[in-house]
Amino acid sequence: MKKFNTQNFLDNKKVVIILSLLIAIITWVVISVTVNPDQSMTISDIPVTIPMEKSAAEAQGLSVISGGDAKVSVMVRGKRYKVGALKPGSFKAVADISNVTAAGEYTLKISVTKVNDDSDYNIISVSSETVKVRFDHLIEKEIPLEAQAEGIKAKDGYILDTVYAMNDEITLKGPQSDIEKVARAVVVTDRKETISQSLTTDGELVLYDAENKKLELQYVTHEPDQLQLTVSISQRKTLPLSIKFSNIPDGMTEKTLKYTISPSTIEVTGASEVISNVTEINLGFVDFRKIDVGSSFTFQIPLPAGFTNVKDVKTATVKFETDDFVSKNFTVNEVKVVNPPDGYNVTLDTQKFTVKIVGTQAAMNVITDTDLVAVVDFSEITVTSGQFKTPIKITIPGQSEPCWAVGVYEALVTAREK
């Protein structure tokens, strides 16, 4: 068996270094425990407790607004082995709120004690003996929401119409004394651009007091927390006015009669993305059966949703050029039945009546009573048993000159099931 050589072992440099470190550590521990056993140390980040439960402040409905996150540091001295193990949770820092009875800012005394009654160390000092704490009632208040977009402009030929918030109002939450200062709530955007179409963008809330000064209210929140505003862009455009016809007689078209519309155009503004697709404003329908010599019709001018009548012209008049037309009464002696209904026998109790015809003088010179054809077409009528009135259609077949019946004529019908 090989003998252990002490001399060779001690000649090894690595062994010597390790042994030296061990001897130094042991020496330090012995000195610390025996020669210098006490140590001083600062413990930081000890939270200050605001004891609201069963307090006068709680009874008044107050809440901590600021200062509730205060922290202190303590310097302690004691047994080295004990002090080295201390943490923020080893101490309790409590603010005295016995004098807090109303909303306001208070300077409260802080007392710091050990969590465990340990005599191996003592608290030497505290970084702060007081803390400023603000108390107030927490309330909610709804307030109308305005909007501003001062950096957004309209391109040439367009109009910046309105800027409005996507929410009509906003709910503010926070200290009563702060919220009571608020007179206006405005959602604003810092975007700077020139646009030709309406724009919706995110915005930030800005609060103002009664003197229109901006408020910085750190402890006031709002709902909804995400706010948007819309910049509405309008385009100005002149649109022609038009009409359509109903009950156009056979052989005639919408272009048969000449007419004027006064005013002939209207100036409007509207959302650019909508107004660009509108080419005219239709006033409505003119019933051909109501057009007599010298007839004119007045219409309310309708506008598509979102359009504005720039000059506030509310009505337009349609006047027919009938100077070359005359009117004359004729007698109808027979009403014919067309497309009689299945399952019913129908009789017309109306056979003879007077019809007013309007046409050119040339037409009036040749038309006689027998040229008028009066028809009841049952293909266009829902038939039931009993008596009812139904329209009579008046035509003048073979007439090349413009002419038509003026008025609405009806026949009294008796229907019986077969």
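Before any of the text, the structure's been laid out above.
Calculation rules
- Residues numbered from 1 in each chain as written.
- Predicted model: local features only at pLDDT ≥ 70, side-chain atom pairs only at ≥ 80, totals over all residues.
- Heavy atoms only, no water.
- Pairing = 2+ DSSP bridges.
- Helix = DSSP H or I, 4+ residues; strand = E, 2+ residues; numbered from the N terminus.
- Axes fitted to C-alpha atoms, helices over the stretch in contact; angles between N-to-C directions.
- Buried < 20%, exposed > 50% of the residue type's maximum accessible area, 1.4 Å probe, protein only.
- Contact = heavy atoms within 4.5 Å.

*Asks:* Which residues make up the sheet that holds strand β5 (residues 104–114), and what values do they have?
*Replies:* Taken in spatial order, the seven strands line up as β2-β7-β5-β4-β1-β3-β6 in an open sheet, and their pairing is mixed. Here the strands that pair on one side only, and so sit at the sheet edges, are β2 (63–66) and β6 (121–126). When strand polarity is set aside, the average angle formed by the axes of neighbouring strands in this sheet is 40°. Bridge analysis of β2 against strand β7 (residues 130–136) gives three bridges, and the strand direction is antiparallel. Pairing of Val64 across the sheet is with Phe135, part of β7.

*Asks:* So, unusual backbone geometry: which residues are in play, and what are the values?
*Replies:* Outside of glycine, negative phi angles account for most residues, and trans bonds account for most peptide bonds. In the segment running from Glu223 into Pro224, the intervening peptide bond is cis, with an omega of -5°. Mapped onto the secondary structure, Pro224 falls in the loop between β16 (221–223) and β17 (227–246). Looking along the chain, the bond that leaves Ser262 and enters Pro263 is cis, with omega of -5°. Within the fold, Pro263 resides in the loop between β18 (259–262) and β19 (265–271). Phi angles above zero are rare outside glycine, and Asp45 is one such case at about 60°. For Asp312, which is not a glycine, the phi torsion comes out positive at approximately 60°. Along the polypeptide, Asp312 turns up in the loop between β22 (308–309) and β23 (315–320). Accessibility expressed as a relative area gives 46% for Asp312, which makes it partly exposed.

*Asks:* Kindly report on the environment of Val335, identifying the contributing residues and their values.
*Replies:* Structurally, the position occupied by Val335 is in strand β25 (residues 335–338). In this structure the C-alpha to C-alpha distance between Val335 and Ala374, which are 39 residues apart in sequence, comes to 4.9 Å. When neighbours within four sequence positions are excluded, Val335 is seen to be in contact with Leu348, Thr350, Gln351, Phe353, Ala374, Val376 and Ile392.

*Asks:* Lay out the sheet that holds strand β32 (residues 410–417) with the relevant residues and their values.
*Replies:* Reading across the sheet, the three strands line up as β26-β32-β29 and stay open at both edges, with antiparallel pairing between neighbours. Either end of the sheet is taken by a strand with one partner, and the two such strands are β26 (344–348) and β29 (386–391). Across the sheet, the axes of successive neighbouring strands diverge by a mean angle of 35°, strand direction being ignored. Where β26 and β32 come together, five bridges link them in antiparallel fashion. Looking at the pairing, Thr347 lines up with Thr414 of β32.

*Asks:* So, the environment of Pro88: which residues are in play, and what are the values?
*Replies:* By secondary structure assignment, the location of Pro88 is in the loop between α4 (80–83) and β4 (91–95). In this structure, the C-alpha to C-alpha distance between Pro88 and Val72, residues 16 residues apart in sequence, is 9.4 Å. Residue contacts for Pro88: discarding those within four places in its chain leaves Ile43, Ser44, Asp45 and Ile46.

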